[in-house]
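Spelled out, the chains give:
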Amino acid sequence: MTWFKKEKKALETPQEKRVQTEGLWSKCEGCKVILWKKDLDANFQCCPKCGFHFKIGSRARLEMLFDEGEYTEHDARLFSTDPLGFKDTKPYSERLKKAEKQTGLSDALLTGEGRVGGKPLIVCAMEFSFIGGSMGAAVGEKITRAIDRCIAQKLPLVIVSCSGGARMMEGAISLMQMAKISAGLARLDEIRKPFISVLADPTTGGVTASYAMLGDLNIAEPGALIGFAGPRVIEQTIRQKLPEGFQRSEFLLAHGMIDAIVPRKELKGFIARSMNLLGAWENH
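Note that the structure is predicted; figures quoted are calculated from it, not measured. (Residues numbered from 1 in each chain as written. Predicted model: local features only at pLDDT ≥ 70, side-chain atom pairs only at ≥ 80, totals over all residues. Heavy atoms only, no water.)

> Describe unusual backbone geometry, with residues and values.
Of note, the bond from D201 into P202 is cis; its omega dihedral lies within 30 degrees of zero at -5 degrees. Tracing the backbone through its elements, the reader meets P202 in strand β7 (residues 195-203). Here the phi dihedral of E68 falls at roughly 60 degrees; this positive angle occurs in a residue that is not glycine. In this fold, E68 is placed in the loop between α2 (58-65) and β3 (71-74). If you check the backbone angles, I131 has positive phi at about 50 degrees while not being a glycine. Looking at the secondary structure, you find I131 in the loop between β5 (119-126) and α4 (137-153). (Helix = DSSP H or I, 4+ residues; strand = E, 2+ residues; numbered from the N terminus.)

> Quick rundown of the packing of aromatic side chains? Include the residues and the values.
Taken as a whole and judged by the stated rule, the model has 4 aromatic pairs. For the pair F52 and F54, a centre-to-centre distance of 5.3 Å together with 85 degrees between the ring planes defines the contact as edge-to-face. Judged by its relative accessible area of 11%, F54 falls in the buried class. Note that K55 overlies the ring of F128, its terminal NZ or CZ placed 5.2 Å from the centroid. (Phe/Tyr/Trp six-rings, centres within 6.5 Å; stacked < 30°, edge-to-face > 60°. Buried < 20%, exposed > 50% of the residue type's maximum accessible area, 1.4 Å probe, protein only. Lys NZ or Arg CZ within 6 Å of the ring centre and 35° of its normal.)

> How would you sum up α2? Please name residues and give values.
Among the residues making up α2, those that are buried are S58, R61, L62, M64 and L65. Around the axis of α2, the buried residues are gathered within 160 degrees of arc, so they sit on the same side. Contact partners of the buried residues in α2: β3, β4 (109-116), β5, β6 (157-163), β7 and α9 (267-277). (Arc of directions from axis to C-beta. Contact = heavy atoms within 4.5 Å.)

> Provide a residue-level description of the pattern of salt bridges, including the pertinent values.
Per the stated rule, a full pass over the model turns up 17 salt bridges. In this structure, R95 and D88 form a salt bridge, with 3.1 Å as the shortest nitrogen-oxygen distance. Accessibility expressed as a relative area gives 23% for R95, which makes it partly exposed. The salt bridge partner of R264 is E221, with a shortest N-O separation of 2.9 Å. Of this pair, R264 sits in the loop between β9 (260-261) and α9 while E221 sits in the loop between β8 (217-220) and α7 (231-238), and the two are 43 residues apart along the sequence. (Salt bridge = Lys/Arg side-chain N within 4 Å of Asp/Glu carboxyl O.)

> So, the environment of E29: which residues are in play, and what are the values?
Within the secondary structure, E29 sits in the loop between β1 (25-27) and β2 (34-36). Residue E29 is classed as exposed on the basis of its relative accessible area, which comes to 56%. Spatially, the C-alpha atom of E29 lies 13 Å from that of L40, the residues being 11 residues apart in sequence. Ignoring anything within four residues of it in the chain, the contact list for E29 reads F52 and F54.

> How would you sum up the packing of α4 against helix α5 (residues 172-190)? Please name residues and give values.
In the contact formed by α4 and α5, the axes pass within 9 Å of each other and the chain directions differ by 10 degrees. Compared by their axis directions, α4 and α5 come out roughly parallel. The segment α4 lies against α5, with A137, G140, E141, I143, T144, I147, D148, C150 and I151 engaging I173, Q177, K180, I181, G184, L185, R187 and L188. (Axes fitted to C-alpha atoms, helices over the stretch in contact; angles between N-to-C directions. Parallel < 35°, antiparallel > 145°, perpendicular 65-115°, else oblique.)

> Break down α5 for me, with residues and values.
Between its first and last C-alpha atoms α5 spans 28 Å; for 19 residues at 1.5 Å apiece the expected length is 27 Å, and the two agree. For α5, the complete set of buried residues consists of S174, Q177, M178, I181, G184, L185 and L188. Relative to the axis of α5, the buried residues are bounded by an arc of 145 degrees and lie together on one face. The outward face of α5, more than 90 degrees from its buried face, is lined by the exposed residues A172, M176, A179 and E190. Buried residues along α5 sit in contact with α4, β6, β7 and α6 (205-208). Following α5 by one or two positions, R192 has its phi on the positive side, about 60 degrees. (Expected span 1.5 Å × (residues − 1).)

> An account of the packing of α2 against α9 is needed here, citing residue identities and associated values.
Put simply, α2 and α9 touch, their axes get as near as 9 Å, and they point 60 degrees apart. One element, α2, and the other, α9, form an angle in the oblique class. Of α9, the residues touching α2 (which contributes R61, M64 and L65) are L267, K268 and I271. By residue class, the composition of the contact of α2 with α9 is 4 nonpolar, no polar and 2 charged. (Nonpolar A, V, L, I, M, F, W, Y, C, P; charged D, E, K, R; others polar.)

Given below as structure tokens:
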């Protein structure tokens, strides 16, 4: 066979090398800088450039606050039902199942008991990823049971709020939780055990109108939105432009609505010192 009749193999093109980058970077909502995910994790989900605080889950919150990240979870399988048979674009029962699957939680609050600075403490942390951290019957019952444990064991309490408010799908039942929890906190006050309220972004609606603002100390993370109605609703109602930074934690501190603003990485130490100052562990 002559050379010009030989079949030539097509040249093989080198395969493209693809590097998996999805999930490795995050864009800061504050300064718009692109951040390496590991740097963000190492800084408690706070931007190392501008200090913007990203939302974190309830489990991460408890691990951050308790010594060695260790705690005992209470009421893990307490969940809301669908008392009204509520349905908007989809049935409420479906929303509950979807939220439980996505978060691994039975409802929008996680209760943990452990040690902070070597001293016993109960912490409730709200989960914004579960239907906007809304407060229904299960959240109210979990917090009330946490208060009862504090009373029985003579322990102080911390609640970290991150919520859109009372859960509309449960109607008046969700609103009843405001009074239920407030009454429980009054009983905790009677035995002179402190309650520290931590307000994360956002803390709004019925949560703000009840237990979130009833702490012996009300402390907030930087830049947190805190209020009852949102700023857009207020502007549309009063037909006036609101001041810059209205309802942010810095605005509330300047107007005497909260006691302190504490960056996330300093929160554990601040809580431990405050509890000592308030005499939380005198019997321990």
